[in-house]
Amino acid sequence: MDPRKNPFAPGAGTKPPALVGRDDQIESFDVLLERLENGYAEQSMIITGLRGVGKTVLLEVFREKAEAREWATVEWEVEKNSPFSSKMASQVRRALLQLAPKARWTNRLARAASILKSFTLTFNPDGAMTAGLDIDALVGVGDSGTLSEDLTDLFVATGEAAREQQTGVIFLLDEIQYLRPAELEALIAALHRCARRSLPITLVGAGLPQIPRLAGEAKSYSERLFRFPVIGELDAKTDARDALVLPARDLGVEFESDAIDLIVDYTQGYPYFLQEYGKIVWDESPTSPISRIDTRSVLPLVEAKLDESFFRVRAERTTELELRYLFAMAELGPQAHRASEVARGIDRTTEQAGPVRSRLIDKGLLYTPGHGYAAFTVPQFDRYLLRRHSDLAGAPE
Ligand SMILES: Nc1ncnc2c1ncn2[C@@H]1O[C@H](COP(=O)(O)OP(=O)(O)OP(=O)(O)O)[C@@H](O)[C@H]1O
Ligand SMILES: [Mg+2]
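Residues numbered from 1 in each chain as written. Chains lettered and ligands numbered in written order. Predicted model: local features only at pLDDT ≥ 70, side-chain atom pairs only at ≥ 80, totals over all residues. Heavy atoms only, no water.

Glancing now at the site of ligand 1. In the vicinity of ligand 1, 26 residues are found, and the nearest of them are A9, G13, T14, K55 and T56. Between ligand 1 and the protein, one listed contact pairs an oxygen atom with a backbone N or O atom of P16 at 3.4 Å. Between ligand 1 and G52, the relevant distance is 2.8 Å, taken from an oxygen atom to a main-chain nitrogen or oxygen of the residue. For ligand 1, whose accessible area on its own is 640 Å², the fraction buried by protein is 96%. Secondary structure elements with two or more residues in the shell around ligand 1: α2 (55-68) and α11 (271-284). When its residues are assigned to classes, the shell around ligand 1 shows 13 nonpolar, 7 polar and 6 charged. The residues that make up the shell around ligand 1 include at least three from each of domain 1 (23-227) and domain 2 (234-311). (Near = heavy atom within 4 Å. Polar contact = N/O pair within 3.5 Å; in protein donor to acceptor, adjacent residues only side chain to side chain. Areas by Shrake-Rupley, 256 points an atom, 1.4 Å probe, with all protein chains shown as cover. Helix = DSSP H or I, 4+ residues; strand = E, 2+ residues; numbered from the N terminus. Nonpolar A, V, L, I, M, F, W, Y, C, P; charged D, E, K, R; others polar. Domains from an automatic or database assignment.)

The structure is reproduced here in structure tokens:
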């Protein structure tokens, strides 16, 4: 088929041609905005899921929806060990300028900007970010030096300014598991105060599956503040098929039913894998309908592409010992495994293997679904490791 017309969209945060299976989350988001606009409190949400399931795409949809309702929206992908307070300050600055251009700032907006100045002087005195704000700091607010208190002052003032402008402010934070505990705690505390006052300022996040636990450890009330919808594989009978069929059909191309079965089986309905398979089989198939034979014959290409684009970068971020740990896990199967069992696989005690396991969690390659257990954050990582790193099987010390 003509590659120029190929509708499939494998990539990080690349919008799929048919966004399927996420109606519930999108509906919840609409409800959230509408309730906040009307002065009702509403639980916010943090979308959780494995790598490549569509978290970033969903945040992008949320951003578009919030913008269509004229909310001030700020998007931010948290990076590991990146400075939090200066980034937060620049995001709040953007939000204030979206609420109204500076020439039209009301007293409330100017007050929020003064608190932002205090916040910036407190946490990054030499930050250049206040350049252009041209406003005095407000002494005694947002300048205590305690992050959660000062962020709360900043959020409350911003929320009040948004309410006065009859709109709202939304922070869309991706990779939220990379916030440090104190930063997550400060954010939760600030949002909690705003929720208690029914202010139209909220945060919708996305992250790896450990985030509900991290949030719970940061503040016990985080479960009342957030819902943590889990997104994952698309339903094999409906959504996963639609993800392939609908975009192709729009362009007059059909899939034979058993071709779809093969793709859905192989990908297990994981969104990123579906896009990658769809893209390749489209390019390589001579005519419509795309048959099972077409589909089967490109499988090695698909696998090679996934290894290159999705798995290898992750495996490359590990040390040799870490890779052996992952391989030992893979040998045990795709599900979560006990730390003790994996340690045995690399001939170590649980205590000896503890630091390796922690580093893998820290790098975002593993998460802990329950006490003493760890699982891969990358779907089908076990399969990848077994096929590409078979040299590690029974490797000596
Ligand atoms: N609902 C969906 N239906 C079909 N394809 C989807 C859907 N959601 C996402 N995709 C596709 O899956 C791929 C991965 O999406 P995205 O980057 O949003 O995942 P992610 O969860 O943010 O992954 P990561 O954890 O690696 O950041 C993209 O190619 C996207 O087009
Ligand atoms: Mg993402």
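This paragraph deals with the sheet that holds strand β8 (residues 373-376). The 3 strands lie next to each other as β6-β8-β7, forming an open sheet whose pairing is antiparallel. At either margin of the open sheet sits one strand with a lone partner, and together these are β6 (337-338) and β7 (366-367). (Pairing = 2+ DSSP bridges.)

Attention shifts here to the layout of surface pockets. The method is simple in principle: a probe with the dimensions of a water molecule rolls over the atoms, and the space it marks as empty is what remains. In this structure, the largest pocket encloses a volume near 870 Å³. Along its surface, the largest pocket is lined by 43 residues, and G11, A12, G13, G52 and T56 are the ones closest to its centre. Broken down by secondary-structure element, the contributors of at least two residues to the lining of the largest pocket are α2, β2 (72-77), β3 (169-174), α11 and α13 (299-316). In terms of residue count, α2 provides more of the lining of the largest pocket than any other element does, 6 residues in total. The class makeup of the residues in the lining of the largest pocket is 22 nonpolar, 10 polar and 11 charged. (1 Å grid on protein atoms, 1.4 Å probe; cavity = no way out; pocket = protein on both sides within 12 Å on 5 of 7 lines; lining within 4 Å. Points joined across faces, edges and corners; volume = space filled by probe spheres on them.)

When cut into domains, the protein chain gives domain 1 (23-227), domain 2 (234-311) and domain 3 (318-392). Contacts between the two partners involve 4 residues from domain 1 and, on the opposite side, 4 residues from domain 2. When the two sides are added together, the surface that domain 1 and domain 2 hide from each other amounts to roughly 300 Å², 73% of it contributed by carbon and sulfur. One can count 1 residue pair in polar contact (both at pLDDT 80 or more) joining domain 1 with domain 2. (Contact = heavy atoms within 4.5 Å. Buried area = accessible area lost by both parts, 1.4 Å probe.)

Take empty space enclosed by the protein next. If you walk through the whole model with that rule in mind, you get 1 cavity of 30 Å³ or more. By volume, the largest cavity is sized at about 40 Å³. In this structure, the largest cavity is lined by W76, V78, E79, N81, S82, P83, F84, Y178, L179, R180 and E183. Grouping the constituent residues of the lining of the largest cavity by class yields 6 nonpolar, 2 polar and 3 charged.

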